[in-house]
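# Architecture and fold: a report
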Amino acid sequence: MKKIVTVLVAAMVSVAAFAQPQVIAHRGYHAIKGSCRNSIEALKQAQKMGLYGSECDINMTKDGIIVVAHGSLHPDKIYRKGEDIKRLNIQKSTYEELLTIPLENGEAIPTLEQYLDQLKKSKKTKLIIEIKNHATPAKETEIVQKTVEMVAKYGLNEMVEYIAFRPWICFELKRVAPEGTPIAYLNGDYDPAYVKGMGISGIDYKYDVLKKKPQWIKSCHKRDLKVNVWTVDDEDKLRWVIEQGVDYITTDNPVLATKLIKEMCK
Ligand code: MG
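None of these values were measured; they are calculated from a predicted model.

## Let's talk about the packing of helix α5 (residues 137–153) against helix α6 (residues 167–176)
Their axes nearest at 9 Å, the elements α5 and α6 cross at an angle of 40°. Regarding the angle of α5 to α6, the classification is oblique. Viewed along their axes, α5 and α6 form a crossing whose handedness is right-handed. Contacts from P137, E140, T141, V144, Q145 and V148 in α5 reach W168, I169, E172, L173, R175 and V176 in α6. Across the contact of α5 with α6, the residue classes tally to 7 nonpolar, 2 polar and 3 charged.

Below is the structure:
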């Protein structure tokens, strides 16, 4: 009898196990002392955890330097309470001007080059680069071209994936990045058939969008599109996206995501 129960339980567990999604630290692993969003330290910490990916946002300054920052303002938020910190519009400021305001952890605002220097130090963790919307299509083409060239110069083509809200940025990435480079669309408004038609590799949609349209996950997989979801931090939501079989989870809580995946997946 005991044996039968054991076999039954084992069968139930195997039925309940889900495919294993990859974890991407949203703006790096920042929820730890000494780290903060989009800092070099946040990438370093994601690498130290051995995560699949570390996400970051990039913007181009007025003088054409690509910096890692969420924007549109730097700093991203007022972190020293009670202090009147001047905030600069990244795309309308020079790099020198941005350097006058450190990040929350004391680092200078990182350039993409500095980020790639750090990326090179691990063979495991990929960098998921979000190219932010810019004022004109020409500016967006410029940041795409510069970024793709820089990544190639660093020999990191295999270590970088791209995401963007703007279809134009996705199209320009598709045009200039090496064949097969992963590119995912963020804005949540196109269905899988349309995204397939864009010629890119997948969707990276907000949790609420997939919660409303969970059928899009299977529909993507049927079309050989990958599914990433942002930004999933709570246990209930993490469990739900794991059960739905997404390919990637972008989270501010990579520790919990990793723990739940270990528990729930094969
Ligand atoms: Mg982002």
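## Side note on the pairing of strand β1 (residues 22–25)
Direction of pairing for β1 relative to strand β11 (residues 248–251): parallel, over a ladder of 4 bridges. Its bridge partner being in β11, Q22 is matched across the sheet by Y248. Bridging between β1 and strand β2 (residues 53–60) involves 2 bridges; their strand directions are parallel. Bridge pairing in β2 places I24 opposite G53.

## Side note on empty space enclosed by the protein
Over the atoms a probe the size of a water molecule is rolled, and this reveals where empty space is left. What the rule picks out here adds up to 2 cavities of 30 Å³ or more. Estimates place the volume of the largest cavity at around 180 Å³. The wall of the largest cavity is formed by 15 residues, among which C36, R37, D76, K77 and L103 lie closest to the centre. Classifying every residue of the lining of the largest cavity gives 7 nonpolar, 4 polar and 4 charged. Empty space within the second largest cavity amounts to approximately 30 Å³.

The rules behind the values
Residues numbered from 1 in each chain as written. Predicted model: local features only at pLDDT ≥ 70, side-chain atom pairs only at ≥ 80, totals over all residues. Heavy atoms only, no water. Axes fitted to C-alpha atoms, helices over the stretch in contact; angles between N-to-C directions. Helix = DSSP H or I, 4+ residues; strand = E, 2+ residues; numbered from the N terminus. Parallel < 35°, antiparallel > 145°, perpendicular 65-115°, else oblique. Left-handed = near helix turned anticlockwise from the far one by under 90°. Contact = heavy atoms within 4.5 Å. Nonpolar A, V, L, I, M, F, W, Y, C, P; charged D, E, K, R; others polar. Pairing = 2+ DSSP bridges. 1 Å grid on protein atoms, 1.4 Å probe; cavity = no way out; pocket = protein on both sides within 12 Å on 5 of 7 lines; lining within 4 Å. Points joined across faces, edges and corners; volume = space filled by probe spheres on them.

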